[in-house]
Every structure is written in structure tokens, then in C-alpha cells.
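Take a look at the letters that make up each chain.
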Amino acid sequence: MQRHSKLRDNPRAIAVDILNRVDRSRAFAEPLLDRVLSGNGVEDPADRSLLTQIVYGTLRMRNRLDWILGNLYEGDFESLEGTLKNILRVGLFQITCLDRIPHYAAVDEAVELTRSVRPGREALINALLRNAIRKSRTMAFPDYDRDPALHIAVLHSHPLWLVKRWIGLFGPERTMALCRVDNDPPPVGLRTNTLKTSRREVLEELRAEGLRAEATAYSPDGVSLSPGFARPLRELEPFRRGHLHVQDEASQLIAYLVNPQGGMRVADLCCGAGGKTTHMAARMGNRGAILAMDRNAGQIRALRANARRLGVRIIEARCGDVSRLSRTAAYGPCDRVLLDAPCSGLGTLRRNPEIKWRLTEKDLSVFPPLQLRLLKEASTCVKSGGVLVYSTCTIMPEENDHVIESFLRSHRDFQLAAPPDTIPREMIGQDGVFRSDPHLHGTDGFYGAVLWKG
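Predicted, not measured: the structure shown is a model, and the values here were computed from it.

**Quick notes on the packing of helix 1 (residues 11-25) against helix 2 (residues 29-38)**
The geometry of helix 1 relative to helix 2 is characterised by a closest axis approach of 10 Å and an angle of 145° between their N-to-C directions. Considering the relative orientation of helix 1 and helix 2, their crossing is right-handed. Along its contact with helix 1, which presents I14, I18, R21 and V22, the element helix 2 presents A29, L32, L33, R35 and V36. Grouping the constituent residues of the contact of helix 1 with helix 2 by class yields 7 nonpolar, no polar and 2 charged.

Structure below.
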């Protein structure tokens, strides 16, 4: 095992630092990790891979790790200082989930890190982790037959409140399948920029760089890289040339759901950094106009940068509040309007496991009123005979079906329409809406409803 004398190039120390920042500032791990991997601090490929594995693995399995530690710690584990908890989680994750890390190495590294950042607490870390080595593999988890919710929450590492909600909605078997797949490392999703190249050529470019790249099953433009890819994507030549964009396969299908045609006038509301916006531009062959709005100025800057890199010329990006759209912007009439609404993100837990630990049941109730308000504003942009698409990256009915039902009750000029033929039939439910399911389709969990205006 390689020894690290400096904290700045020690993947375990960096992992703890990233986890601390995720806890304290509600940051997402992905940009923090990308910043490290794009710098010069961690150069060894094995260390880069280990860092990625530890950060995401510890986040995914946190509830199981905390349950084990809570049973071994003499006292209230929740009250333990955050850095010490993350040192213990990182150590225990290596002991219980990584076969290639010797147990003594995981303990020694945790003790050395504690000596550097929390001197005087080394004995606690050493004792707990060594006790975990002795007991964790024989420790009995909550029994499924007695308490299925607690069993799933602990063994498959999800918040108990969420597991109970999912069991009520989907039943215990589907809930277990969802929780299990949430803890699987996802492939890296890429979208071919068809304005510049083809998927076949992108696959050849990526394979020429020694990467295991495959065509996606559902999106005609999608490419996936095997889980565990630890190189910064922007260092890849195809990325620099604007031949690809980072985007999950299910997210790519939203542009196919909107199905814009060249020459159309399109609005993309809550556009973010423009993954779907630039995809629609490519689908339109750079002909027509796309009006994109987001209230986050940083996201608008990112969209403009992405558009330049991808060679998109038809996007007009504005910083603005979609909830005040009808009063502040003249966006209509449009042939197509996409509202990719703010949501809980509960369909993306494979990629964003930190959401599990920061979202509360009370938080979940905040989204539907906002989503309905934004949908009503978006509807003011749609011309007669036009289409409004409502999409989210959540699997919760109150953020999806219930919002659409409420909207249609108060907007009789709109009706639910069948998704276009560009959407795979197996992703269209009996109710006529688009749904991608992580445990069935291997993608993020997305929802999309097509609303036609008469």
C-alpha cells in the first residue's frame, strides 16, 4: 500500500474533507470531487479511483455505516463531532465494502488522519474500527419479517421516513429494488452532439482513448462509460471539441419527448446549465429559436459556455424568475415549451446520494405548490395547437401525477397527449406519461407529461 505523508495527496484525507463540506455547506460531491481530480493534488490513477470510490461509497452507505458504528459506540453516536464521524465512516466503508483494502491499512490511515486533524482522539478511532473488524460481519441487521422498513433502511442505506413512504406507494419488493439500485455506481452518461458528429464516431474516439464506451439502450444519442471512471471528462479530446455533453440517458429522452422541429419557436424554462436546451437545439438542426430562462445567473453563464463549445447558435438565454414569467417576459407564443421543474431529485440518488441525507419529509411538501405555480406560468407561453412538456427527475407522485392532475382541472384548454414515437414504448405507462425507472431501465428516474393546448 502506498503511504501518504501529506494530507493534500492522501485520498482518504481528501475524501473526509469533501464529506465534511457536503455536510456543512450542502454542497454536492460531484463538483468538489471534479475540482480535486482536475488539479494536481492526486496524480496516481489508483488513488484517483480510490478517492472517487470512497466519497460516493461512503455517501451511499452512510445509514448502514452509522447503524454499525452506533451499535459499537458507547454513547450517542449522532452527537459525535462531524469530522470524527466521517473519518469513522470512511474507515468502516473500506473495511466492510472494499475487498482490496487490508483492514489494518484502513485502520492505520484513519488513526494517522485523526492524529493530524483531531489530535487526542486517535484511541477512539482505533478502538471503534478494530471492534468493527471483529463484529461487523456477524452483526445482525434488523429482521425483514419483523420490520421490513427498518431492514431496508439500514441494510440498503436509505432514510427510514423515505423507505416508509416508498413502501406505502410501491410495496416492499419494489422499494427494496429501488434502494438496492440507488447504491450501485451508475455509468457515466454522455450525449453525442449531433451538430458536429455521430454516435458511431464518438464511440470510436472514446475507445481510441482506451475507454470502455457503449451505446445506450434507449437514447439514440447516448453513450455510457463504465462506472468508476475517474478522469475529468473535460480533459477528453471529444469533450474539448464539443462532440459530447455529460447527460444521463433518461435526461436525454426529454428532448425527444418535447420533439421540437427545425424552425420552431421553443421555450426552455428552468433550463439550468442547458443540457436539455442544447440537445433540443441539436434536434432542431440549429434552425429556429430557443428561449431559455433560469433564475440562477451562474447556470445561465454555464449554458452560454456549453452552447459555444457545442456550436449551438439558436439559444437566447435570459436570467429571470419563471414564477413571474407572465408579468416580466414576452416568451409566447411558442410551438413547444419545456418546464423542467425544480424537484426533490429522488430519481437521481445513484448519482447524488447526498440528497438522501439532506432531504426531509417536510422539504418534500414544499415542491408541489411551486411546481404547479411554475407550470401555470409556463402555460402562458404556449400557442394554440402547441405542446407543453412538464418534466422532473423524481419518482414521487405528489411532484408528478398530482401536479398534472391539479393543472388540468384548472386549465380546460390543455389535455394530456400521448408521447411521440421518439419515446421507447416500454417507458410509457398505462396513464400515457413518460417514466424512466432506475431499477427497470438502468437510468435516472425521470417523469414527463405531454400537454396539448387546444
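Next comes the rest of the description.
**What about the sheet that holds strand 3 (residues 222-225)?**
A sheet is described by the order of its strands in space; here 4 strands give the open sequence 2-3-1-4, paired in antiparallel fashion. At either margin of the open sheet sits one strand with a lone partner, and together these are strand 2 (213-215) and strand 4 (244-246). Averaged over all pairs of adjacent strands, the angle between their axes in this sheet comes to 35°, without regard to strand direction. Judged from the 4 bridges that link them, strand 1 (residues 188-192) and strand 3 form a sheet pairing that is antiparallel.

**A closer look at helix 1**
For helix 1, built from 15 residues, the straight-helix expectation of 21 Å at 1.5 Å per residue is met to within 8% by its first-to-last C-alpha distance of 21 Å. Residues P11, R12, A13, I14, A15, V16, I18, L19, N20 and V22 constitute the buried set of helix 1. Between the side-chain oxygen at the start of helix 1 and the backbone nitrogen of R12 there is a gap of 2.9 Å, and the oxygen is on N10. Positive phi shows up at R26, right after helix 1, with a value of about 60°.

**Considerations on the packing of aromatic side chains**
Aromatic ring pairs: the centre-centre distance and the angle between the two ring planes describe each pair. Scanning all chains against the criterion turns up 4 aromatic pairs. Ring geometry for Y390 and Y447: centres 6.4 Å apart, planes at 75°, overall edge-to-face. With Y390 in strand 9 (residues 382-392) and Y447 in strand 12 (residues 447-453), this pair connects stretches of sequence that are 57 residues apart. On the basis of relative accessibility, which here comes to 0%, the residue Y390 falls in the buried class. For Y447, a relative accessible area of 2% translates into the label buried. Between F407 and F414, the aromatic rings sit 5.4 Å apart at their centres with planes inclined by 65°, giving edge-to-face as the arrangement. Taken individually, F407 and F414 each receive the classification buried, so the pair is uniform in this respect.

Rules behind the numbers
Residues numbered from 1 in each chain as written. Predicted model: local features only at pLDDT ≥ 70, side-chain atom pairs only at ≥ 80, totals over all residues. Heavy atoms only, no water. Axes fitted to C-alpha atoms, helices over the stretch in contact; angles between N-to-C directions. Helix = DSSP H or I, 4+ residues; strand = E, 2+ residues; numbered from the N terminus. Left-handed = near helix turned anticlockwise from the far one by under 90°. Contact = heavy atoms within 4.5 Å. Nonpolar A, V, L, I, M, F, W, Y, C, P; charged D, E, K, R; others polar. Pairing = 2+ DSSP bridges. Expected span 1.5 Å × (residues − 1). Buried < 20%, exposed > 50% of the residue type's maximum accessible area, 1.4 Å probe, protein only. Polar contact = N/O pair within 3.5 Å; in protein donor to acceptor, adjacent residues only side chain to side chain. Phe/Tyr/Trp six-rings, centres within 6.5 Å; stacked < 30°, edge-to-face > 60°.

So, to be careful, I would describe these as geometric facts and stop short of saying anything about function.
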